[in-house]
Amino acid sequence: MTTVQTPDAQVQADVARQPVPMIVLGGYLGAGKTTLVNALLRNADGLRVTVLVNDFGSVNVDASLIRERSDDVIGLENGCVCCTIGGRLVETLIAIGERAQRPDLLVIEASGVSDPMRIAQVGLLDKAFRLHGIVVAVDACGIEETLADRYVGDIAHKQIMAASTLVMTKADLVTPEALQGVRQRLTELGATQIVVTADSGVVPPAILFPDEALALPSLLSPRPLRAPGHALPSGLRSFVWKMDGALDRNRLRAALLMFRGKLLRAKGFVVSSTGGMSEMHAVGSRVTFRARPELPVQPSSMVFIGVLSNEEISKFKDALQATRLEPLPC
């Protein structure tokens with residue numbers, strides 16, 4: 001006997017198999033990554049979070065510490081992220097992607113001597129996942145010494161350059177003036193101006209948790225991805241953009257790259273040049289589109305979060321308006 005899914009059941013099945021948001025958490029040894037992960041798990045508000053821990057060496061201490069907060073923790077050996085760990089990571093991601101019930105969020109804690117950008121690239125080989133952000137922890141008390149080290153300075157610098165969001169940890173160990181100096185230093189070194197301060201490992205949920213603010217009403221997941229209510233951190237602003245008609249992807253990509261380093265993320269549903277709907281996500285300089293032919297055609301709707309002044313938001317909206325494709329003449 002053949003089972004035929006109803007349209008509603010098919011929609012729910014499609015929602016359940018949407019790509020899982022993925023966060024890569026990097027930072028040099030001792031920067032406080034495990035503290036950030038445990039704080040995230042404490043504030044997950046019922047979300048299913050899977051954590052992959054890529055610790056340095058064969059004794060995975062971080063995984064043991066995180067297991068105190070979650071049962072779904074997978075340890076990956078060999079923190080240098082060489083070819084061996086790359087293969088192991090791919091195998092693990094495939095297994096997670098094939099689960100009957102996928103997690104709501106995947107967090108990969110990179111070892112302190114690895115390149116989080118490379119881990120993100122490996123993770124994105126599997127279409128079951130989409131990049132939500134590369135978050136790099138920075139020890140506000142010891143970062144200058146680390147950067148000046150002739151042996152490890154380059155590693156720390158590369159980690160900072162890879163970040164879509166930088167999180168200053170151990171802020172209680174420095175003066176407010178020194179913390180401001182670290183913030184300025186990071187905005188000069190990194191490719192992003194999104195710099196926030198952790199409070200005992202806690203950062204604003206907008207940094208770590210995906211949300212469904214733009215999900216179409218008929219497609220809301222039974223377990224919406226929304227974190228406990230917190231305001232955006234100081235300096236971050238958000239706005240929503242809606243527009244009728246199809247838009248040009250290349251122009252949209254160019255508009256997003258105008259504010260690279262200032263835009264934390266962008267996401268939404270857009271009408272493509274073919275007239276169908278597509279899902280759009282932008283993190284740093286990475287912009288991806290995914291066709292969603294099952295969605296009813298509606299006006300394009302996107303949300304943007306970043307360090308943006310009123311003038312920049314105005315310029316951004318002008319650039320977004322210019323992405324609209326004029327209708328073909330009859």
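Residues numbered from 1 in each chain as written. Predicted model: local features only at pLDDT ≥ 70, side-chain atom pairs only at ≥ 80, totals over all residues. Heavy atoms only, no water.

A. The pattern of salt bridges, seen in detail. Under the counting rule described, the total for this entry stands at 8 salt bridges. Close ionic contact of glutamate 144 with arginine 185 constitutes a salt bridge, the shortest N to O distance being 2.9 Å. In this pair, glutamate 144 is assigned in helix α6 (residues 143-148) and arginine 185 in helix α8 (residues 176-189), connecting sequence segments 41 residues apart. Accessibility expressed as a relative area gives 38% for glutamate 144, which makes it partly exposed. One salt bridge in this structure joins lysine 315 and glutamate 311, with 3.6 Å as the shortest N-O distance. Taken together, the residues span about one helical turn, with lysine 315 and glutamate 311 both in helix α11 (residues 310-321) at a distance of 4 residues. Assessed through its relative accessible area of 55%, glutamate 311 is described here as exposed. When salt bridges that share partners are traced, they join Glu279, Arg290, Arg292 and Glu294 into one network. (Salt bridge = Lys/Arg side-chain N within 4 Å of Asp/Glu carboxyl O. Helix = DSSP H or I, 4+ residues; strand = E, 2+ residues; numbered from the N terminus. Buried < 20%, exposed > 50% of the residue type's maximum accessible area, 1.4 Å probe, protein only.)

B. Here's a closer look at the packing of aromatic side chains. In the structure shown here, the tally under the stated rule is 4 aromatic pairs. Between phenylalanine 239 and phenylalanine 316, the aromatic rings sit 5.7 Å apart at their centres with planes inclined by 80°, giving edge-to-face as the arrangement. Pair noted here: phenylalanine 239 is in strand β8 (residues 237-243) and phenylalanine 316 is in helix α11, with a separation of 77 residues, a long-range link. Among the residues examined, phenylalanine 239 registers a relative accessible area of 9% and is labelled buried. The class for phenylalanine 316 is buried, based on a relative accessible area of 0%. Pairing phenylalanine 304 with phenylalanine 316 gives two aromatic rings, centres 4.9 Å apart and planes at 55°, and the pair type is tilted. (Phe/Tyr/Trp six-rings, centres within 6.5 Å; stacked < 30°, edge-to-face > 60°.)

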